[in-house]
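The primary structure of each chain is shown beneath.
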Amino acid sequence: MIAGVDIGGTKIAVGVVDNNGHVLSRSECPTDAERGYAEALARIEHMLRPRAAAADTKVTGIGIGSTGPVDPFTGEFGEVNFFPAWRGENLVADLTRIFGVRVAMENDADAAALAEAAWGAGKDKKSLIYVTIGTGIGAGIVLDGRLYRGVGGAHPEIGHHVIDASGPPCMCGFHGCWESLAAGPAMVSWLESRMPIDYPHRDHLTAKRICELALSGDELAIQSVKREAHYLGLGLANLVTLFTPDAIVLGGSVMKSAILFLEEIRKTICRCCRFVPFDKTELALASLGEDANLIGAARVWHHRFAREGGQRA
Ligand SMILES: [Zn+2]
């Protein structure tokens, strides 16, 4: 059995995942990055040991999916927005030492992409792009069951390709990258910039809340949803044109409201992708649910080690 460790900006989840991608046991805690890396490592250890016992099994490997940037080969954290002080810490080396098993780590979008390709909506697809739309936009590319890597193993930042160069600035250096226009916070800031002083839903706006308001007929929320669908569609149309993948799998918190966006996304792809067989690219919703990242973390181990010859992937 393989244990998965999913490290996000707000929470750390650990669990034991069987060879069919089913979670046998899990637990989670807040990331609390400010308490330091050593303390987080101790928490991971103390969550993992009872999980293995609860699953009544011996853990033979550990896979990690983490919000990035991370170095998939050295196992070191880069300068991660949510925990910059952990830079240079090596979770792969530490868990290898503590548990005495092989450990592999990937960016969390790559981990979820591997899981959807192996056990989820992308099963049996030769080429797949997984896109997660939530607080940010992340993506992972899987070709013939293998993760696509850039130079030096780098993870391509698909969420930061430019959609509108006159758009809002982003930490990535661009103006109007996809994430700045179409991630959940972009829905909120667009609506907040347009809401009248007497708008009754001013407080605690989130992308989820805006989607609920749109469904209940709120005109401003409906406009925000239309804008979101437009920008999602443009980014996805770019992916179809650039990669002509067999499938694009959509996940993340914003995609829980996919029913509001899919029609416009499909129209945009149809309108913009005339030079490629866009109708052959399947647009699917992620199928692994809330534990997709945890299942993905476990899949990272399989992808790295559970192949004939055990070559590094
Ligand atoms: Zn950006």
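Residues numbered from 1 in each chain as written. Predicted model: local features only at pLDDT ≥ 70, side-chain atom pairs only at ≥ 80, totals over all residues. Heavy atoms only, no water.

Peer 1: I tried to follow the overall build of the protein on my own but got confused; where do I start?
Peer 2: Scanning the protein from N- to C-terminus turns up nine helices and 10 strands. The C-alpha atoms of the protein give a radius of gyration of 20 Å, which matches the 20 Å a tight globule of 313 residues would have. Considering only C-alpha atoms, the protein reaches an extent of 55 × 45 × 35 Å along its principal axes. For the protein, buried positions account for 54% of its 313 residues. Long-range pairs, those at least 24 residues apart, make up 64% of the contacts in the protein with a sequence separation of at least 6. When the accessible area of the protein is evaluated, it comes to approximately 14400 Å², of which 53% is carbon and sulfur surface. (Helix = DSSP H or I, 4+ residues; strand = E, 2+ residues; numbered from the N terminus. Rg over C-alpha atoms; globule rule 2.2 N^0.38 Å. Buried < 20%, exposed > 50% of the residue type's maximum accessible area, 1.4 Å probe, protein only. Contact = heavy atoms within 4.5 Å. Areas by Shrake-Rupley, 256 points an atom, 1.4 Å probe, with all protein chains shown as cover.)

Peer 1: Would you explain the coordination of the zinc ion in this entry?
Peer 2: With distances of 2.0 to 2.4 Å, the protein atoms coordinating the zinc ion are His160 (ND1), Cys170 (SG), Cys172 (SG) and Cys177 (SG). Each of the four donor atoms around the zinc ion contributes to a set of angles spanning 103 to 122°, which defines the coordination as tetrahedral. Within one chain, the residues donating to the zinc ion are spaced in sequence as H-x9-C-x1-C-x4-C. On the criterion of sequence distance, the pair formed by His160 in the loop between strand 8 (146–147) and helix 4 (178–182) and Cys170 in the loop between strand 8 and helix 4 is long-range, its members being 10 residues apart. (Donors = N, O, S within 2.8 Å, 3.2 Å for Na, K, Ca; no water. Tetrahedral: all angles 85-135°; square planar, octahedral: opposite > 155°, others 65-115°.)

Peer 1: Just checking my understanding: could you explain the nonpolar core for this structure?
Peer 2: Taken as a class, soluble globular proteins show a tendency for nonpolar side chains to be buried jointly. Of all hydrophobic cores here, the largest spans 46 residues; its most connected members are Val131, Trp178, Leu191, Leu236, Ile248, Leu250 and Phe261. Secondary structure elements with two or more residues in this core: strand 6 (127–133), strand 7 (137–143), helix 4, helix 5 (184–194), helix 6 (207–215), helix 7 (219–243), strand 9 (247–251) and helix 8 (262–272). Ignoring sequence-local partners within four residues, the contact set of Phe261 consists of Met187, Cys211, Val225, Glu228, Ala229, Leu232, Val254 and Met255. Within the second largest apolar cluster, 30 residues are counted, among which are Cys29, Ile44, Met47 and Val80. (Core = buried A, V, L, I, M, F, W, Y, C linked by side-chain atoms within 4.5 Å.)

Peer 1: Would you mind showing me how to read the pairing of strand 2 (residues 11–17) here?
Peer 2: Sheet faces and side chains relate simply in a regular strand, where the side chains alternate between the two faces. The buried count for strand 2 comes to six of seven residues, which makes it a mostly enclosed element. One ladder, built from six bridges, connects strand 1 (residues 2–7) with strand 2; its direction is antiparallel. From the neighbouring strand, Ile2 faces strand 2, where its bridge partner is Val17. Linking two consecutive strands that pair antiparallel, namely strand 1 and strand 2, is a turn of three residues. As defined by bridge partners, strand 2 adjoins strand 3 (residues 23–30) across seven bridges and the pair is classed as antiparallel. Directly across from Ala13, in strand 3, lies its bridge partner Glu28. Connecting the antiparallel pair strand 2 and strand 3 is a turn made up of five residues, with Gly21 showing a positive phi of about 85°. (Pairing = 2+ DSSP bridges.)

Peer 1: Help me understand the pattern of salt bridges in this model?
Peer 2: When the charged atoms of two side chains lie near each other, side chains of opposite charge can form a pair. What the rule picks out here adds up to 16 salt bridges. Note that Lys126 and Asp144 form a salt bridge whose closest N and O atoms lie 2.9 Å from each other. Highlighted residues: Lys126 in the loop between helix 3 (108–119) and strand 6 and Asp144 in the loop between strand 7 and strand 8, separated in sequence by 18 residues. Taken as a pair, Lys126 and Asp144 share a single burial class, namely exposed. Its salt-bridge partner being Lys267, residue Glu263 comes within 3.6 Å of it at the nearest N-O pair. Remark: Lys267 and Glu263 occur in helix 8; sequence separation between them is four residues, near one turn of the helix. (Salt bridge = Lys/Arg side-chain N within 4 Å of Asp/Glu carboxyl O.)

Peer 1: What's the story with the environment of Gly61 in this structure? I'm lost.
Peer 2: You can see Gly61 is positioned in strand 4 (residues 61–66). Note: C-alpha distance between Gly61 and Ala104 (43 residues apart in sequence) is 8.5 Å. Not counting the four nearest positions on each side in its chain, Gly61 is found in contact with Met1, Ile2, Ala3, Val101, Arg102 and Trp301.

Peer 1: Help me out: how do you make sense of the packing of aromatic side chains in this one?
Peer 2: The geometry of two aromatic rings is summed up by the distance between their centres and the angle between their planes. Per the stated rule, a full pass over the model turns up six aromatic pairs. Taken together, a centroid distance of 4.1 Å and an interplanar angle of 25° make the contact between Phe83 and Trp86 stacked. Both residues of the pair, Phe83 and Trp86, count as buried. Taken together, a centroid distance of 5.6 Å and an interplanar angle of 55° make the contact between Trp301 and Phe305 tilted. Within this pair, Trp301 and its partner Phe305 are both found in helix 9 (residues 292–305), separated by four residues, close to a single helical turn. In terms of burial, Trp301 and Phe305 fall into one category: buried. Ring-pair connections join several aromatic residues into one group, and the members of that group are Tyr37, Phe77, Phe83 and Trp86. Here Arg299 stacks its cationic end above the ring of Trp119, 4.9 Å away from the centre of that ring. (Phe/Tyr/Trp six-rings, centres within 6.5 Å; stacked < 30°, edge-to-face > 60°. Lys NZ or Arg CZ within 6 Å of the ring centre and 35° of its normal.)

Just geometry here; none of it tells us what the structure is for.
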